[in-house]
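Residue strings, one per chain:
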Amino acid sequence: QVQLVESGGGLVQAGGSLRLSCAASGSTSGISGMGWYRQAPGKQRDLVAFISIGGTTNYADSVKGRFTISSISRDNAKNTVFLQMNSLKPEDTAVYYCSANRWGYDYWGKGTLVTVSS
């Protein structure tokens with residue numbers, strides 16, 4: 001089993017920044033891809049950013065241009081993944097979830113709420 005705990009969410013004004021962190025514990029050997037997803041009220045959970053074990057990144061179209069290629073990063077030694085969010089908009093308001101894939105199974109954290117005020 002892998003446990004994921006997110007932190008760093010909160011209330012920020014439009015145009016501001018937040019840095020989310022996610023720490024994995026438990027059976028962490030074999031974790032490959034890690035990612036951040038978000039779910040706004042009444043909407044489905046969508047991918048925000050993904051990083052492979054080798055550091056290849058992928059971003060949702062909705063954040064491209066605001067998030068840089070290094071916005072998502074990971075520390076494999078500490079089993080931690082980060083998301084630096086800049087130029088936040090009210091539409092970025094959502095619960096942000098961390099995900100980790102281990103041997104083909106996706107594990108999820110409980111989420112951290114990000115609220116962007118206009």
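Look a little higher up for the structure.
Given the structure is predicted, the values throughout are model-derived calculations rather than measurements.

About the thresholds
- Residues numbered from 1 in each chain as written.
- Predicted model: local features only at pLDDT ≥ 70, side-chain atom pairs only at ≥ 80, totals over all residues.
- Heavy atoms only, no water.
- Pairing = 2+ DSSP bridges.
- Helix = DSSP H or I, 4+ residues; strand = E, 2+ residues; numbered from the N terminus.
- Salt bridge = Lys/Arg side-chain N within 4 Å of Asp/Glu carboxyl O.
- Buried < 20%, exposed > 50% of the residue type's maximum accessible area, 1.4 Å probe, protein only.
- Disulfide = S-S within 2.5 Å.
- Contact = heavy atoms within 4.5 Å.
- Core = buried A, V, L, I, M, F, W, Y, C linked by side-chain atoms within 4.5 Å.
- Phe/Tyr/Trp six-rings, centres within 6.5 Å; stacked < 30°, edge-to-face > 60°.
- Lys NZ or Arg CZ within 6 Å of the ring centre and 35° of its normal.

Colleague: Can you walk me through the pairing of strand S10 (residues 105-108) in this structure?
Modeller: Side-chain direction in a regular strand flips from residue to residue, so the side chains alternate between the two faces of the sheet. As paired elements, strand S9 (residues 94-102) and S10 share four bridges and run antiparallel to each other. Within S10, the residue paired with Ser99 across the bridge is Trp108. Adjacent in sequence and paired antiparallel, S9 and S10 are bridged by two residues, among which Trp103 carries a positive phi angle near 50°.

Colleague: Sorry, what's going on with the pattern of salt bridges here?
Modeller: Oppositely charged side chains may form a pair once their charged atoms are brought near each other. Tallied over the full model, the rule gives three salt bridges. For the salt bridge of Asp92 with Arg66, the shortest nitrogen-to-oxygen distance reads 2.6 Å. Here the residue Asp92 occupies a position in the loop between strand S8 (80-85) and S9, and Arg66 occupies one in the loop between strand S6 (57-59) and strand S7 (72-75), the gap between them amounting to 26 residues. This pair shows no difference in class: Asp92 is buried, exactly as Arg66 is. Bridged by salt links that share partners, the residues Arg38, Arg66 and Asp92 form one connected network.

Colleague: Whenever I open this one, the state of the cysteines confuses me. Can you help?
Modeller: Disulfides are covalent bonds that link the sulfur atoms of two cysteine residues. Taken as a whole, this structure holds one disulfide when the rule is applied. Paired through a disulfide, Cys22 and Cys98 show a sulfur-sulfur distance of 2.1 Å. Negative torsions about the S-S bond denote left-handed disulfides, and the value of about -80° found for Cys22 with Cys98 makes this one left-handed. Of this pair, Cys22 sits in strand S3 (residues 18-26) while Cys98 sits in strand S9, and the two are 76 residues apart along the sequence. Exposure class is identical for Cys22 and Cys98. Each is buried.

Colleague: Help me understand the environment of Val2 in this model?
Modeller: Turning to its location among the elements, Val2 is positioned in strand S1 (residues 2-7). Sequence separation between Val2 and Gly111 is 109 residues; the distance between their C-alpha atoms is 15 Å. Apart from residues lying up to four places away in sequence, Val2 is in contact with Ala24, Ser25, Ser27, Ile31, Arg102 and Tyr107.

Colleague: Looking at this model, I keep getting lost on the nonpolar core. Mind explaining?
Modeller: In globular proteins that are soluble, nonpolar side chains generally tend to be buried together. If you look at the biggest cluster of nonpolar residues, it comprises 28 residues, and the most contacted ones within it are Leu4, Trp36, Leu83 and Met85. Only S1, S3, strand S4 (31-39), strand S5 (46-51), S8, S9 and strand S11 (112-117) provide two or more residues apiece to this core. If near-sequence neighbours (up to four positions away) are discounted, Leu4 is found in contact with Cys22, Ala23, Ala24, Met34, Cys98, Ser99, Ala100, Tyr107, Trp108, Gly109 and Lys110.

Colleague: What exactly am I supposed to notice about the packing of aromatic side chains here?
Modeller: Each aromatic ring pair is summarised here by two numbers: the centre-to-centre distance and the angle between the ring planes. Per the counting criterion, the structure on display carries two aromatic pairs. With 4.9 Å between their ring centres and 65° between their planes, Tyr37 and Trp108 make a pair best called edge-to-face. In this pair, Tyr37 sits in strand S4 while Trp108 sits in strand S10, placing the two residues 71 residues apart along the sequence. Since its relative accessible area comes to 37%, Trp108 is described here as partly exposed. Geometrically, the ring pair formed by Tyr105 and Tyr107 is edge-to-face, given 4.8 Å between the ring centres and 70° between the ring planes. Between the NZ or CZ atom of Arg45 and the centre of the ring of Tyr97, over which it lies, the distance is 3.6 Å. A cation over an aromatic ring shows up here: Arg45 above the ring of Trp108, its NZ or CZ 4.8 Å from the ring centre.

Note that every value here comes from positions in space, so none of it alone points to a role or purpose.
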